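Tertiary structure, described
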Amino acid sequence: MALEATALSLRRDPRLLKIPPYVSAFCIVIGVVWLLLLPLDDYSRRTYVSENALLPGQVHTYFGGSEQHIFRALRHEVDLLASKTNYEVNDKLETILTGLGVKVGRQNYTYHSAGETYTGENVYGILQAPRGDATEAIVLVAAWRSIDEELNRNGVALVLTLARYFKRWSLWSKDIILLLPPDSTTGTQAWVDAYHNAHDSKHVAPLPLKSGALQGALAIDYPREQRYHELHIIYDGTNGQLPNLDLINSIVNIAGGQMGIETTVQQMTGHTDGYQDRIQTMLRGMLYQGLGYPTGPHSSFIPYHVDAVTLQPTGEGWHDEMAMGRVVEGSFRSLNNLLEHLHQSFFFYLLMQKNRFVSIGTYLPSAMLLAANFTIMAIFLWVKSGQPTMEDGVVSEKNNDVVERKEVTAPASWSPLTAERDLLFPLALVATCHSISAIPLFIFNHLGINTLPLAFFIFSVSSTAIPVVFSFAVASLHKLTPQYFQLTKSFSLLILGVSLATLSILNFSLAFLVGLLATPLTFVQPTRNLANRWILAILLILTSPPVVISSTAWTSGVALSEVLKAASLGWNVWGMYTPIVIWCVWWPAWLIGATNTLGPISGS
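The structure displayed is predicted, hence computed values, not measured ones.

Here we take up the packing of aromatic side chains. Inspection of the entire model under this criterion finds 23 aromatic pairs. Centre to centre, the rings of Y109 and Y111 are 5.9 Å apart; their planes meet at 45°, and the pair counts as tilted. Y111 sits in the buried class, given a relative accessible area of 8%. For the ring pair F459 and W583, a centre distance of 5.4 Å and an interplane angle of 90° mean the geometry is edge-to-face. Residue F459 is found in helix α13 (residues 452-477), and its partner W583 is found in helix α20 (residues 578-598); the two are separated by 124 residues along the sequence. Residue classification places F459 among the buried positions, given a relative accessible area of 10%. In this structure W583 comes out as buried when scored by relative accessible area, which is 6%.

Structure follows, in structure tokens:
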């Protein structure tokens, strides 16, 4: 009984309410420090191949020799088609593939985004496996236009050469699909959607030919003329999804161990394996994952649980297209050995370099701690909002901070442990802010490219003015008491914390970046001091979503119109959910925080 009484008295001790803000700040600091520690050897580990059936680098590759003459002849054919239209190019490619004994199909598609139309025709061929029953397939992709919108002359010629080479072998147990879309973005997405019957028949035509379940895909992005030094592996997928780590490990093993080709990730040429290079590689990967934007033709496959990467030669060296062909051959031989989908290795990871990674169990706490900081403050404010006010035995301190209050000893006859909470207006403000967040989501995904920058400017100005309007509108309808501010902030932070905690499982990087940028919302609070109020308002404006987007585009040297165009294309074509997180999760929380900060405080 004595222990229970002690615990009950401790629960009512007002000094406990001073702890949560420090715990929240501690979570933020530990979350950031946790992330910075990941590149160290004690927190990361070396990669390894989990799927024994892959046997990467265990077979001898024969691509080369006379195939080089075939490659040069086909590259000459590709050069002759450089100025032709998409349909003229596909007519020639169909003739070549048919001559190789490959079944050929063609598919039209049309997408609309940001007032522009993306239309084209895919051509693809299916090389039937001599030892298979058409239940499984591997895809080899070479877009006519590379990621940088250059003619993918070596990539297309290499795929055609490999098609002729693969046709002569009888060891294949899986069909090989040769996909030649007109670009590296929309064409692949249209084909993959139609292959899985997930396409919109109004805009994307069905496929005339199909094979079995896709087990993996490799895309070749090879527009350059000169020989190369390294093989850049691009693996980031749509919405931050990643391929199975075994696929990347197998290619690294085949290229480095068998071909003597250096491999790199995240454009980190000449990686020294030091802390600085490791953290730079990790942060680059987090940035691409957080944006959720497709990085190559492979990105369209990953949402359908088809592991895929894009291979891109970089640097100046002595490796030629035959070496690239042998890497593809070795990778396809490994995928050909699979008895089921890749599943034993990791799908959630951060790469520090080609041979070092961090798994989800190690890096997830950093994002969870940032999300927990919002939830802790939300619970703290909820408890504090239930404390009796001055009329019930609580007297405010003589300072300008409305939320700092001092509890005095209540008389013996005083019984209420909590004050009645007025929930209507706090809930109404939170619901209103989250409801109007659909406006920027709709506008930026449906306007044309010519009006997007102007619309973004108008919205940025309006976004700064809305908190002022909302704060005085609410003040005219309701007395802005300390409890009102506490409840409003509590509901807002609770939604933000729960949303980021859930998002961190799906897209760790996006949850971490938004959580870090939104941390000022945890600590800003209304104040009677006019100077402090506007200092806090300026801090919030500098960390608002429109300002962050504009400043990031400016520092990156990318036009704002291109950023908005890419975001619209990602939403309309790939189903990218990053705009939802920005405009429907982060922006409403910011709007509520700014409205509270600028709210005129009623006398207490």
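The subject of this paragraph is the packing of helix α11 (residues 424-436) against α13. Describing two packed helices takes the angle between their axes plus the distance from one axis to the other. For the pair α11 and α13, the least separation of the axes is 12 Å and the interaxial angle reads 150°. The orientation of α11 with respect to α13, classified from their angle, is roughly antiparallel. Considering only the axes of α11 and α13, their crossing is right-handed. Taking contact as the criterion, the partners of F425, L429, T432, C433 and I436 in α11 are, on α13, F470, V474 and L477. Its residues assigned to classes, the contact of α11 with α13 shows 7 nonpolar, 1 polar and no charged.

Between its first and last C-alpha, α13 extends 35 Å over 26 residues, near the 38 Å set by a 1.5 Å rise per residue. Along its length, α13 reaches its greatest deviation from straightness, about 30°, at A465, and the proline P467 lies no more than four positions downstream. Those residues of α13 not exposed but buried are L452, A455, F456, F459, S460, S463, I466, P467, S471 and V474. Looking at the buried positions of α13, the neighbouring elements they touch are α11, α12 (438-446), α14 (482-506), α18 (545-556), α19 (560-574) and α20.

Before going further, it helps to examine the side chain of Q483. Along the polypeptide, Q483 turns up in helix α14. Residue class for Q483 comes out buried when judged on its relative accessible area of 13%. Here the side chain of Q483 touches E420 through a polar contact of 3.0 Å, landing on its backbone oxygen. Once residues lying within four places of it in the same chain are set aside, the contact partners of Q483 are S385, E420, R421 and D422.

Turning our eyes to something else, we now look at empty space enclosed by the protein. Counted under the stated rule, the structure contains 2 cavities of 30 Å³ or more. Size it by volume and the largest cavity reaches roughly 60 Å³. The set of elements that each furnish at least two residues to the lining of the largest cavity consists of α8 (275-291) and β10 (349-353). When residues of the lining of the largest cavity are assigned to their parent elements, the largest contribution, 5 residues, is made by α8. For the lining of the largest cavity, the residue count by class is 7 nonpolar, 4 polar and 1 charged. Empty space within the second largest cavity amounts to approximately 40 Å³. L54, L247, S250, I251, I254, S331, S334 and L335 together form the lining of the second largest cavity. The residue inventory of the lining of the second largest cavity, partitioned by class, reads 5 nonpolar, 3 polar and no charged.

Before going further, it helps to spend a moment on the sheet that holds strand β2 (residues 103-113). Read across the open sheet, the 8 strands follow the order β2-β3-β5-β4-β6-β9-β7-β8; overall the sheet is mixed. On the outer flanks of this sheet lie β2 and β8 (262-265), each paired with one strand and no other. Between one strand axis and the next, the sheet turns by 25° as a mean value, whatever way the strands run. The sheet contact formed by strand β4 (residues 136-141) and strand β6 (residues 213-220) spans 6 bridges and is parallel. Paired with V139 across the strands is A217, a residue of β6. Lying over the sheet, helix α5 (residues 153-167) contacts β3 (116-127), β4, β5 (175-180) and β6, oriented at roughly 160° with respect to β5.

Here the focus is the pairing of strand β11 (residues 356-359). Burial along β11 is two-sided: the residues R356 and V358 and F357 and S359 are all buried. Here β10 pairs with β11 via 4 bridges, running antiparallel. Directly across from L351, in β11, lies its bridge partner F357. Hairpin connection between β10 and β11: a loop of 2 residues separates the two successive antiparallel strands.

Within the open sheet, the 3 strands sit side by side as β1-β11-β10. Their pairing is antiparallel. Each having just a single partner strand, β1 (45-46) and β10 make up the two edges of the open sheet. The strands touched by α8 within the sheet are β10 and β11, with β10 carrying the most contacts at an inclination of about 140°.

Turning our eyes to something else, we now look at the state of the cysteines. Per the stated rule, a full pass over the model turns up 0 disulfides. With no disulfide partner, C433 has as its closest neighbouring cysteine sulfur the one in C584, 13 Å distant. On the accessibility criterion, C584 (21% relative accessible area) is partly exposed.

Next up on the list: the packing of α13 against α19. Where α13 meets α19, the closest approach of the two axes is 9 Å, and the angle between their N-to-C directions is 95°. Taken together, the axes of α13 and α19 are roughly perpendicular relative to one another. Residues L452, P453 and F456 of α13 lie in contact with α19, whose contacting residues are L560, S561, L564 and K565. Residue composition of the contact of α13 with α19, grouped by class: 5 nonpolar, 1 polar and 1 charged.

The rules behind each value
- Residues numbered from 1 in each chain as written.
- Predicted model: local features only at pLDDT ≥ 70, side-chain atom pairs only at ≥ 80, totals over all residues.
- Heavy atoms only, no water.
- Phe/Tyr/Trp six-rings, centres within 6.5 Å; stacked < 30°, edge-to-face > 60°.
- Buried < 20%, exposed > 50% of the residue type's maximum accessible area, 1.4 Å probe, protein only.
- Helix = DSSP H or I, 4+ residues; strand = E, 2+ residues; numbered from the N terminus.
- Axes fitted to C-alpha atoms, helices over the stretch in contact; angles between N-to-C directions.
- Parallel < 35°, antiparallel > 145°, perpendicular 65-115°, else oblique.
- Left-handed = near helix turned anticlockwise from the far one by under 90°.
- Contact = heavy atoms within 4.5 Å.
- Nonpolar A, V, L, I, M, F, W, Y, C, P; charged D, E, K, R; others polar.
- Expected span 1.5 Å × (residues − 1).
- Bend = angle between axes of the 7 residues up to and from the residue.
- Polar contact = N/O pair within 3.5 Å; in protein donor to acceptor, adjacent residues only side chain to side chain.
- 1 Å grid on protein atoms, 1.4 Å probe; cavity = no way out; pocket = protein on both sides within 12 Å on 5 of 7 lines; lining within 4 Å.
- Points joined across faces, edges and corners; volume = space filled by probe spheres on them.
- Pairing = 2+ DSSP bridges.
- Disulfide = S-S within 2.5 Å.

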